[in-house]
Amino acid sequence: MGYIRHNGDWVARANKVLPAGDYGNFGAPLFVKKGKGSRVWDIEGREYIDYLIGSGPMLLGHAHPEVVEVVQEQISLGTTFFTSNVYGIQLAEEICKAVACAEQVRFVSTGGEADMYAMRLARAFTGRDKIVKFEGGYHGMSSEAQMSLAPTTKADFPRAQPDSAGIPESVHAEMLIAPYNDSQFAASLIEEYRNQIAAIIVEPQQRTIPAVPGFLETLRAISDEHGIVLIFDEVVTGFRFAYGGAQETTGVVSDLCTLGKTIGGGFPLAAIAGREEIMRHFDKNIIGAGNWLMMVGTLSGNPVASVAGLKTLEILRREGTYDKLRKNGETVMGMLTRHLHNVGVPHRVVGHPTVFNVVFVDSDVGDYRDLLVEDKLCASEFHSQLIENGILRLAGKFYISLALTQHDFDATESAIETAARSIAQT
Ligand SMILES: Cc1ncc(COP(=O)(O)O)c(C=O)c1O
């Protein structure tokens, strides 16, 4: 890509010691050195307005002074003990207050871990093995989650396709894949396999594709009918769509949900939360050894991440926070629509104002397969142009933070206008 033209020696050094020269995360050799508020700087001092925000967690912006203060205080007292700590208990209490399904909480370090445990919990609770997952849905890196995440060929539903090597055939057989937003398909699939399905796992907004009205409600109703555990993956939407996440904005309450990103305030912390009746499978004394899920993690709920998360949630509870967050996003969504419309490039701006994308298609986007017809050249050139012009983001997503200022919006608008003109000429 055009913007990879600096960072000299570090690229060669990275290529030697890191497979593919990176961590597997951000697919370009861009080495960020520091961040403050809405901005980050790379090792050569190049400045970016940040719509990547650490892939979501930095909702408040980088190095928020109040978060830095509590973290520094905790660091000076020790960083991890493996025992429970009072900050984790307070954080769990806050999650239970905020998130509709949450009666109990268990902490882990990553969203992917939380999703893995949620699926395992559902299996323990129901005594069944199959999991329904939606094509294109992302739930971390477990073998189950790597099924039909980003397939390049269109398999017949519900056949699962692995997106990673090393996944045993037995996992394929336990995954049922359905198209997102197709209530009818989901209903008939679940009817067919009803006595074998442990869980439906779903993002309340799949990447940036919103759930159509009625879809999550249908999943809720079918789950209730057949004793299936409904898992909302709220790793992105939790404390982002609203303080109570997508369960607050949609009014649909899952049995379990997974949380991550925002609740750790920029530190490794994620959680499984849900109904006590299901969560009790983590308690051997109640549930007995045969039904118990063992769960250990060296850094789970560590005090630094817990104080960062607690302070982040405290700041998010302040008056007007979510209005501002949504307004920030609507401003950028408006710019994308306006400038791409001005140059006559077919596109759709899809998603919630707090996390969305521009897709270069000329029809509406309702599921993963609708994305496959995107003009990929256009998307890639637009993305490169944005980065060239000082806008950092993940290809396929704009994450919005509270730290964005009018100055940032002016610079963002100018970058979007330049990028739009550039793709109109290609
Ligand atoms: C919806 C969703 N679930 C799970 C995960 C995995 O979280 P983590 O990267 O913390 O493992 C992500 C990460 O982006 C996500 O977007």
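Just so it is clear, the structure is predicted and the values come from calculations on it, not from any experiment.

K.L.:
Tell me about the sheet that holds strand 7 (residues 197-202), residues and numbers included.
P.N.:
Read across the open sheet, the seven strands follow the order 4-12-11-10-7-5-6; overall the sheet is mixed. Either end of the sheet is taken by a strand with one partner, and the two such strands are strand 4 (104-108) and strand 6 (175-178). Neighbour-to-neighbour, the strand axes of the sheet open up by a mean angle of 20°, direction not taken into account. When strand 5 (residues 130-134) meets strand 7, the two strands line up parallel, connected through four bridges. Considered in strand 7, the bridge of Val 132 is made with Ile 200. Relative to the sheet, helix 6 (residues 183-193) contacts strand 5, strand 6 and strand 7, its axis offset from that of strand 6 by approximately 160°. Relative to the sheet, helix 7 (residues 215-226) contacts strand 5, strand 7 and strand 10 (229-233), its axis offset from that of strand 7 by approximately 165°.

K.L.:
Mind laying out the state of the cysteines, listing which residues take part and the relevant values?
P.N.:
Scanning the model with the defined rule gives zero disulfides in all. Residue Cys 101 stays outside any disulfide, its sulfur separated by 3.7 Å from that of Cys 257, the closest cysteine.

K.L.:
Explain the pairing of strand 2 (residues 39-42) to me, using residue names and the numbers behind them.
P.N.:
Across the two faces of strand 2 the burial is the same, with Arg 39 and Trp 41 and Val 40 and Asp 42 all buried. Pairing analysis gives four bridges linking strand 1 (residues 32-36) to strand 2, with the strands arranged antiparallel. Considered in strand 2, the bridge of Gly 35 is made with Val 40. Following strand 1, the chain reverses through two residues before pairing antiparallel with strand 2; Gly 37 in that reversal takes a positive phi of roughly 60°. Sheet topology note: the strand 2/strand 3 (residues 47-50) ladder contains three bridges and is antiparallel. Looking across to strand 3, one finds that Trp 41 is bridged to Glu 47. If you look at the hairpin formed by strand 2 and strand 3, you'll find four residues sitting between the two strands, and Gly 45 has a positive phi there, around 85°.

About the thresholds
Residues numbered from 1 in each chain as written. Predicted model: local features only at pLDDT ≥ 70, side-chain atom pairs only at ≥ 80, totals over all residues. Heavy atoms only, no water. Pairing = 2+ DSSP bridges. Helix = DSSP H or I, 4+ residues; strand = E, 2+ residues; numbered from the N terminus. Axes fitted to C-alpha atoms, helices over the stretch in contact; angles between N-to-C directions. Contact = heavy atoms within 4.5 Å. Disulfide = S-S within 2.5 Å. Buried < 20%, exposed > 50% of the residue type's maximum accessible area, 1.4 Å probe, protein only.

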